[in-house]
Amino acid sequence: MRWPFQAPAAVSLTYDDGLPDNLDRAIPDLEDLGFRATFYLTTGKRCVRRRRLDWRRAFERGHEIGSHSASHPCRADAYARPPRWLARDLRLEGWPPDRISREVGEAALWLKEEIGDDPWRTYAYPCCATSIGSPPDEGPYDEAVRRHHFAARVGGGGPNDPGSVDLLRVRSFPCVHPSFRELAGYCDAARPGGGWTVLMFHSIGGWRIRTRRSVHRELLDHLARGGFWVAPLRDVARHILENRG
Ligand SMILES: [Zn+2]
């Protein structure tokens, strides 16, 4: 697989939950270097809806505004002690197939109507949970995601091998209070094999699963200097789809 601009590797920077600091800090820092990224919005959240017009403008400037579901359901049985924010009603182990289908469809429709039509919009599984019911069944969730999206992001590290990656299970590194060296190391690990690193951020400079803004900026400089192809997850996934045999 050859990357555009003869880049040695591809990097997609992704930001979850539609936090306001993504608009106020991450996007200005990205655009200073001409980079575009992917922002996964939880479409039912008040903080997302309040900044709807700003998200729409970001989309129009070339960022990907992807889906992170409508209400952010997760599996409580993935935790030894379920976190307090994970209300009973949002626990996927109790969900029937028609509910996950409505959930994914509702978010896709909101993004289409409020942010803009994007036939290549991708999905990020909240908490990287890909199944419903008990015992866990991936089938109904997969089917719901496939109906509206051609690619989806999970956790699990990486980097992804463009020759073999399952585009509905793109692996990503969760960034939890990372150092610059750690992030640069993740990205550099993709260079030898011409791979694709996906980073999963939450807050930039705020409080929630934070990455310090200075670390974020230092990483962007590193990617610019290193000649990486930095592009939204949508664009890299599409490049792979259209170029692999
Ligand atoms: Zn999330």
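The model shown is predicted, which means the values in this text are computed figures rather than measured ones. (Residues numbered from 1 in each chain as written. Predicted model: local features only at pLDDT ≥ 70, side-chain atom pairs only at ≥ 80, totals over all residues. Heavy atoms only, no water.)

Chemist: For the nonpolar core, give the residues involved together with the corresponding values.
Modeler: Within the largest apolar cluster, 36 residues are counted, with the highest numbers of intra-cluster contacts made by Leu13, Tyr15, Phe39, Ile65, Leu199, Phe201 and Leu223. In this structure Phe201 touches Leu13, Thr14, Tyr15, Asp16, Cys175, Leu183, Thr211, His216 and Leu219, once residues within four positions along its chain are discounted. (Core = buried A, V, L, I, M, F, W, Y, C linked by side-chain atoms within 4.5 Å. Buried < 20%, exposed > 50% of the residue type's maximum accessible area, 1.4 Å probe, protein only. Contact = heavy atoms within 4.5 Å.)

Chemist: Tell me about the coordination of the zinc ion, and please be specific about residues and values.
Modeler: The zinc ion binds to the protein through Asp17 (OD), His68 (NE2) and His72 (NE2), with metal-donor distances spanning 2.1 to 2.2 Å. Read in sequence order, the donor residues coordinating the zinc ion give the pattern D-x50-H-x3-H. Of this pair, Asp17 sits in the loop between β1 (10-16) and α1 (20-32) while His68 is found in the loop between β3 (64-67) and α4 (97-115), placing the two residues 51 residues apart along the sequence. Per residue, the accessibility class of Asp17 equals that of His68, and both read buried. (Donors = N, O, S within 2.8 Å, 3.2 Å for Na, K, Ca; no water. Helix = DSSP H or I, 4+ residues; strand = E, 2+ residues; numbered from the N terminus.)

Chemist: How would you summarise the side chain of Glu64 if you had to cite specific residues and measurements?
Modeler: Structurally, Glu64 can be placed in strand β3. It is Arg234 that comes nearest to the buried, bridge-free Glu64 among opposite-charge side chains, at 4.9 Å. Other than its neighbours up to four places away in sequence, Glu64 contacts Ala37, Thr38, Phe39, Trp120, Arg121, Thr122, Pro232, Leu233 and Arg234. (Lys, Arg positive; Asp, Glu negative; His and termini not counted. Salt bridge = Lys/Arg side-chain N within 4 Å of Asp/Glu carboxyl O.)

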